[in-house]
Amino acid sequence: MEKEISQAVIRRMPRYYRYLNELLEAGVERISSNELSARMHVTASQIRQDLNNFGGFGQQGYGYNVQYLHDEIGNILGLNTTHNVIVIGVGNLGQAIANYMNFEKFGFRIVGLFDVNPALEGKEIRGIPVKMLEELPEFAKENRIDIAALTIPKENAETTAVMLASLGVHAIWNFAHVDLDNVDNMIVENVHLSDSLMRLSYSIANGNDN
């Protein structure tokens, strides 16, 4: 793609995909930008501007073909292929991620679970046994790993990220309480669950309950 797309637009694309998926499940075949706007609480103008970054996809007087737009946004998001995911840190959050079956609907397949706690070794989650972290290099030789989800203490996050980079892992979904921004050759999505709670706290404190 020749022009650079803003991060704000990219962050909205999964939301479009999710709403379009709901429309498909409801049997809706086409929708106008105004109708989509009413559902998503994003202006119709914003929707058109966002989609025009990728070619538009709509027809004047017709709107958007839901299936086509859903498929095209899926292609933009790279969901037309399967991504192999491992989870490092199989505590409560790691187990919740491993058990979340909706990931597979979008092409994310959990292929390995790793921890340093010997008490977890061999425990199966949805048929996948927990392995010790020291086994990861050998596992990586035999399996393609696209994404590693980190649910580990923050003091271990950077060394683990460096190891993952050395093993050829492409991306990190980071739930450790530290931003990983300087890992060579790695794409990192830092997730801070507490940030969402603090935004809610701000809204409550400022009387913004709309």
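Here is what the cut-offs are and how they apply
Residues numbered from 1 in each chain as written. Predicted model: local features only at pLDDT ≥ 70, side-chain atom pairs only at ≥ 80, totals over all residues. Heavy atoms only, no water. Axes fitted to C-alpha atoms, helices over the stretch in contact; angles between N-to-C directions. Helix = DSSP H or I, 4+ residues; strand = E, 2+ residues; numbered from the N terminus. Left-handed = near helix turned anticlockwise from the far one by under 90°. Contact = heavy atoms within 4.5 Å. Nonpolar A, V, L, I, M, F, W, Y, C, P; charged D, E, K, R; others polar. Phe/Tyr/Trp six-rings, centres within 6.5 Å; stacked < 30°, edge-to-face > 60°. Buried < 20%, exposed > 50% of the residue type's maximum accessible area, 1.4 Å probe, protein only. Pairing = 2+ DSSP bridges.

Peer 1: So what exactly am I meant to see when it comes to the packing of helix α1 (residues 7–25) against helix α4 (residues 66–76) here?
Peer 2: α4 packs onto α1 with a crossing angle of 145° between their chain directions and a minimal axis gap of 9 Å. Both α1 and α4 take part in a crossing whose hand is left-handed. Seen from α1, the contacting residues are Met-13, Tyr-16, Tyr-17, Leu-20, Asn-21, Leu-23 and Leu-24; seen from α4, they are Val-66, Gln-67, Leu-69, His-70, Ile-73, Gly-74 and Ile-76. Classifying every residue of the contact of α1 with α4 gives 10 nonpolar, four polar and no charged.

Peer 1: Before we go on, may I ask you to explain the packing of aromatic side chains in this structure?
Peer 2: Both the distance between ring centres and the angle between the ring planes are used here to describe each pair of aromatic rings. Counted under the stated rule, the structure contains six aromatic pairs. Measuring from ring centre to ring centre gives 5.2 Å for Phe-114 and Phe-139, while their planes differ by 75°; the resulting arrangement is edge-to-face. Of this pair, Phe-114 sits in strand β4 (residues 108–115) while Phe-139 is found in helix α7 (residues 136–142), placing the two residues 25 residues apart along the sequence. A single burial state applies to Phe-114 and to Phe-139, both of which are buried. Counting every residue linked through ring pairs, the aromatic cluster contains Tyr-100, Phe-103, Trp-173 and Phe-175.

Peer 1: So what exactly am I meant to see when it comes to the pairing of β4 here?
Peer 2: As a general feature of sheets, a regular strand has side chains that alternate between the two faces. With respect to burial, β4 is a largely interior element, six of its eight residues being buried. Sheet topology note: the strand β3 (residues 83–88)/β4 ladder contains six bridges and is parallel. Within β4, the residue paired with His-83 across the bridge is Phe-108. As paired elements, β4 and strand β6 (residues 128–132) share three bridges and run parallel to each other. Each bridged residue has a counterpart across the sheet, and for Leu-113 the counterpart in β6 is Val-130.

Purely geometric numbers; function is a separate question.
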